[in-house]
Amino acid sequence: MQRNLLKKHFFTWLCLAAMGTSALAARQESTAGEAPVRYKIDIEIGSSGDLQGWQQVVWRNTSDIALDAAYFYLLPYPHNLNPRATSPARLQLDSALAADNRRLQIEYVAAAAGQVIDSSLVRLSLLQPLQPGETLELWLAFKANVAVRPAEAESKPIVITNGYAKLARLARSGWQLAPARAGFPPLLPFSNYDVTITCADTFAVAATGDVQRQATERGKRVMQFAARRTADFALALIKNANDTHERWQNFQIRLLLPDHQNSHRRRQVNAIQQGLAELDRWFYDLPMPPLTLIESPLPFGMADYTFAPGLIFVDSYAWLPEGARFLERTIFRQLALQRWLGQIGVDRASDGWLADGLATYSVLRMLETIYGRESNLINYFGIRVAEEHVLRARYLGAARIDPVAQPAGAFYDRRSRAIQTRDRAALVLATAEAIAGTERWQALLQRYASDWQLRHPETGDFLRVIGNTAGAELARFFDQALQTNAVFDYAITVLHSERLAPHEAAASRNAGSAPPGSNGNSTAVADEHVQYGTIVRVRRTGTFAAPVEVQVRFADGDTQTALWDGNATWHEFFMTSQSPATSAVIDPGQKMLLDTDRTNNSRTAGAHFGDEKLSIRWLFFIQSLLHLFTKIAG
Amino acid sequence: MSIIQAIFAGWYIALKHKRILLLFYLANLFFALLAALPVYMAARDSFNVSRAGVEMSGTLNAGLLIDFIYANFDYIAASAVIFIVVASLYLLLNIFLTGGTIAAYIADRERYEPALFWGNAGFYFYAFVRLLLFSLPLYAIMAFILYPGLKAGFTTVLRNVGLLAFSDLANYAAIVITVTVSLCIPIIIDFARVQLVVTGERHVFDSLRKATRTVAQNFRKTYGLLILFALIGLFFLLLYSFLSDLFYRPALVDVVFLLVLQQLYLLIKMQVRLTYYGTLVAIYPHLTLWLPADLAARETHTEEEDER
């Protein structure tokens with residue numbers, strides 16, 4: 001019945017959808033390499049959590065070979081977005097029909113040789129081979145059981161990310177089949193969706209794309225969504241939520257949040273507006289899909305790296321003051337994922353850093369630009385924490401374990417994978433920015449975004465953009481930073497100034513020569529009115545070789561800066577000046593965020609009270625802790 | 001006797017016994033120095049002759065602190081192990097000194113008598129340790145029975161009234177109530193200590209029972225005492241925070257002043273702790289017996305009511 005209805009109105013809908021989105025599609029077609037799959041889906045979700053529906057799939061054979069089968073993923077359902085689900089039910093395919101109503105054979109297969117057949121990949125044998133350039137239309141009936149505890153459904157959204165059969169990717173050589181790895185779904189082609197969702201009218205519905213139609217009749221809510229060229233389609237059912245809209249620069253933001261989120265409405269809307277503006281300014285102006293804010297169904301603090309196209313997950317931060325910007329960070333990260341995963345199709349299982357690392361780096365830049373560098377995450381009651389500190393703290397705990405760019409399964413453990421692909425990758429990108437210079441780096445990232453929007457880049461593609469645009473120096477840096485677990489650490493071990501004898505000063509002025517006894521590792525920097533000679537010795541204490549900038553400050557306020565390529569194990573600078581040196585610093589702007597120990601980055605001529613002050617603070621902390629301990633226990 | 005009067009009496013008693021105050025302070029300083037030594041050694045390497053040292057001698061730089069912790073992780077780990085040992089020893093010493101302190105406060109002699117202090121410290125040590133051990137299962141009950149029970153109960157109530165969207169509230173309410181009830185445990189233990197020293201007995205279980213009854217019968221006063229001392233502590237903490245922020249410059253004079261301020265603050269904290277013991281000693285007879293002063297106050301109160 002439903003199928004007949006869909007078929008009856010199919011061409012009308014197709015024409016309307018095509019007319020309504022022709023402008024956007026025209027622009028996107030010109031930049032994308034693969035033809036989009038067209039889905040028309042009709043899903044009905046019952047009050048007991050049972051789901052059933054039909055989908056029409058239309059796609060063109062863009063490969064160079066004739067295809068005798070089509071492959072669809074039936075991924076675990078509900079997705080891990082619903083940890084409260086009573087069981088991880090899977091979508092089941094009931095029937096598959098060709099356009100002429102003839103039934104297709106359904107066969108469960110493995111994604112690759114040696115893989116287990118686990119009902120996640122289905123092969124539909126075509127009635128006749130599909131020649132290159134030909135278009136095919138299929139009709140599939142499916143069902144599943146959401147199986148969320150009714151009580152939980154009252155308070156948290158039910159998020160459904162795998163609620164339809166997903167056509168596998170087609171390359172020139174044929175089908176690109178991959179199993180779901182490390183919890184990440186296989187990469188899908190960018191597709192067009194027209195989806196009708198029917199559910200009880202006690203639910204509000206959020207989904208990927210624009211709302212085309214909504215109606216309520218006989219206790220049922222019917223909503224129709226249209227999404228063009230998106231990485232996937234997801235929907236969420238929410239009870240007890242307020243449905244409101246905000247506009248910002250012709251961009252519509254929908255907020256579907258419960259009452260207790262009302263007090264944060266202004267912060268949420270501001271964060272979205274600021275985040276979108278910074279994303280466009282920093283990382284190329286891609287058209288963002290319509291966004292809907294919903295409360296995360298996951299336990300507190302786990303929403304940050306969840307991704308569903310068009311859905312922005314936020315936690316309930318009702319108790320957090322404005323000075324603690326975790327709410328803003330979550331929204332920034334969600335926006336960044338919409339950009340780096342939603343608009344550039346990265347396979348998280350094989351090149352996770354390219355999406356998660358760029359998203360984390362984007363959040364770092366957004367927080368620093370909007371709130372400053374020093375205390376952009378927490379600035380409350382004397383507590384000052386920056387996102388940079390959080391990233392570095394996590395990175396330093398796992399700096400030597402794994403390289404950044406490798407498949408998800410190759411990491412030592414899940415913690416290492418998370419740290420390398422998110423935190424360390426973000427620090428790699430920030431350090432690359434320091435080496436390349438902000439303007440050049442920004443242009444480079446914009447180039448990457450424009451080249452690869454609505455396409456599927458891999459690590460090599462990113463490196464090619466770097467190599468072609470930025471040159472060998474940065475390419476060498478990325479080779480070490482992504483492909484090895486090399487440790488980045490430089491230290492100043494010697495700073496020594498002494499007055500030169502007149503003949504030494506004259507010789508230095510004339511020749512700019514290194515001091516007597518120096519070897520091939522030395523560089524000389526000369527001053528015209530030489531009175532003092534200063535030796536600065538820099539050691540590469542890590543295994544990572546990168547260019548290093550050393551700044552020496554002198555007693556008269558003068559400064560001299562020298563560069564070293566960082567290849568040898570140590571290097572000695574000889575500088576001449578009118579006054580003795582007071583300090584020498586590696587990376588004076590503290591921009592090389594990959595450096596594992598910044599406490600050894602400098603040397604001063606005289607002693608300071610840093611050790612004493614830290615020690616008395618530590619002593620006070622211990623004294624207070626002992627006092628508190630005896631108050632509780634003694 | 002009102003709790004304000006008791007606090008003043010306790011402050012006076014604690015101030016009168018300056019040697020005890022000094023003893024508590026020096027014990028705290030000595031044990032803290034032992035635990036802090038490894039970090040001092042590491043800090044000398046990292047922050048003595050470097051720009052990082054200049055930055056750390058001003059306001060605390062969180063980024064450099066993180067680097068310092070990871071670069072000197074062995075020192076920090078050693079420090080943690082030493083802290084566990086030191087804290088255990090300090091706890092025992094504190095229990096030991098408390099017996100002598102309460103006895104000295106009850107006797108309230110004009111001059112410090114070593115025999116009275118140290119003799120009672122030793123006499124009550126074992127009984128006080130047993131009191132501490134008795135308190136552990138009580139804390140466990142709070143954490144593993146009361147809190148989950150309250151949380152489940154509140155969640156059920158919210159679900160029944162259709163407000164499950166506010167399920168976080170159930171958790172917060174359970175935490176607040178559990179902490180509130182848990183705070184009664186140290187009051188009961190402290191009253192049991194006073195009870196033991198006043199009666200000169202060492203029947204721990206009996207004193208615990210009596211102390212529980214005393215706290216329950218005078219809940220407003222005993223809990224009010226705890227809240228007042230918490231407020232006093234908070235006041236001194238805020239004062240310290242405000243003053244310590246003044247010494248942010250990377251200069252020797254600021255380092256010295258900060259050290260002096262910190263130690264002064266800790267000395268005041270010790271004085272407040274001892275005032276608490278003094279207050280318990282002062283108020284205890286008024287909660288358990290009808291003393292002449294209380295009877296007179298009660299009669300005056302009754303006469304006023306009659307006149308009205």
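What counts, and where the lines are drawn
Residues numbered from 1 in each chain as written. Chains lettered and ligands numbered in written order. Predicted model: local features only at pLDDT ≥ 70, side-chain atom pairs only at ≥ 80, totals over all residues. Heavy atoms only, no water. Pairing = 2+ DSSP bridges. Helix = DSSP H or I, 4+ residues; strand = E, 2+ residues; numbered from the N terminus. Axes fitted to C-alpha atoms, helices over the stretch in contact; angles between N-to-C directions. Expected span 1.5 Å × (residues − 1). Bend = angle between axes of the 7 residues up to and from the residue. Patch = residues over 30% accessible without salt bridge, like charges linked within 9 Å, V, L, I, M, F, W, Y side chains within 5 Å. Areas by Shrake-Rupley, 256 points an atom, 1.4 Å probe, with all protein chains shown as cover. Salt bridge = Lys/Arg side-chain N within 4 Å of Asp/Glu carboxyl O. Buried < 20%, exposed > 50% of the residue type's maximum accessible area, 1.4 Å probe, protein only. Core = buried A, V, L, I, M, F, W, Y, C linked by side-chain atoms within 4.5 Å. Contact = heavy atoms within 4.5 Å. 1 Å grid on protein atoms, 1.4 Å probe; cavity = no way out; pocket = protein on both sides within 12 Å on 5 of 7 lines; lining within 4 Å. Points joined across faces, edges and corners; volume = space filled by probe spheres on them. Polar contact = N/O pair within 3.5 Å; in protein donor to acceptor, adjacent residues only side chain to side chain. Nonpolar A, V, L, I, M, F, W, Y, C, P; charged D, E, K, R; others polar.

1. What to know about the sheet that holds strand β8 (residues 158–160) of chain A
All names here are of chain A. The three strands are arranged β8-β16-β13 in an open sheet whose pairing can be described as antiparallel. Sheet topology places β8 and β13 (204–207) at the edges, where each strand pairs with a single neighbour. Mean inter-strand twist for the sheet, computed between neighbouring axes without regard to direction, equals 20°. Pairing geometry for β8 and strand β16 (residues 235–238), over three bridges, is antiparallel. By the bridge assignment for β16, V159 is matched with A236.

2. Some words on helix α6 (residues 114–160) of chain B
Between its first and last C-alpha atoms α6 of chain B spans 64 Å; for 47 residues at 1.5 Å apiece the expected length is 69 Å, and the two agree. A bend of about 45° at F125 of chain B is the largest found in α6 of chain B.

3. Here we look at the sheet that holds strand β3 (residues 67–73) of chain A
Residue and element names in this part refer to chain A. Read from one edge to the other, the open sheet built from four strands follows the order β5-β6-β3-β9, with strand pairing classed as antiparallel. The open sheet terminates on both sides in strands that have one partner only, identified here as β5 (105–108) and β9 (166–167). Strand direction decides the pairing type here: β3 and strand β6 (residues 121–130), joined by six bridges, are antiparallel. Bridging across to β6, F72 finds its partner in V122.

4. Thoughts on a nonpolar patch on the surface
A cluster of nonpolar side chains, contributed by Y380 and F381 of chain A together with I227, L231, L234, L237 and L238 of chain B, occupies part of the molecular surface with about 710 Å² of accessible area. The element contributing the most residues to the nonpolar patch is helix α10 (residues 219–244) of chain B, with five residues. Tracing the sequence through the fold places I227 of chain B in helix α10. Note on I227 of chain B: relative accessible area 41%, which makes it partly exposed.

5. Quick look at the nonpolar core
Judged by nonpolar contacts, the single largest core of 94 residues is most densely connected at W441, Y448, F462, L474 and F478 of chain A. Take this core: its biggest share by element is 10 residues, from helix α6 (residues 348–371) of chain A. Setting aside its immediate chain neighbours within four residues, F462 of chain A contacts W353, L354, L429, W441, L445, Y448 and F478 of chain A. Listed in part, the 75 residues of the second largest apolar core include I7, F31, Y105 and L274 of chain B.

6. Here's the deal with empty space enclosed by the protein
All names here are of chain A. Evaluation of the coordinates by the stated rule reveals six cavities of 30 Å³ or more. Reported here for the largest cavity is a volume of approximately 90 Å³. If you trace the largest cavity, you find 13 residues lining it, with A35, V37, W59, L170 and P189 closest to the centre. Sorting the residues of the lining of the largest cavity by element identifies β2 (50–60) and β10 (169–171) as the ones contributing at least two each.

7. So, the pairing of strand β26 (residues 548–554) of chain A
Residues and elements named next belong to chain A. Alternating positions in β26 separate cleanly, V548, V550, V552 and F554 being buried on one face and E549, Q551 and R553 remaining unburied on the opposite face. Pairing geometry for β26 and strand β27 (residues 559–564), over six bridges, is antiparallel. Considered in β27, the bridge of V552 is made with Q560. Between the antiparallel neighbours β26 and β27 lie four residues, among them G557 with a positive phi of about 95°. Inspection of the sheet shows β26 paired to strand β29 (residues 581–586) by five bridges, in the antiparallel sense. In the strand pairing of β29, F554 is matched with A581.

8. Notes on the interface of chain A and chain B
Facing 50 residues of chain A, the contacting portion of chain B comprises 72 residues. Across the chain A-chain B interface, the total number found is four salt bridges. Measuring nitrogen to oxygen at the nearest pair gives 3.6 Å for the salt bridge that ties D67 of chain B to R598 of chain A. In this assembly, chain A and chain B are joined by 15 residue pairs in polar contact (both at pLDDT 80 or more). The residue makeup of the side of chain A that touches chain B, split by class, is 19 nonpolar, 20 polar and 11 charged.

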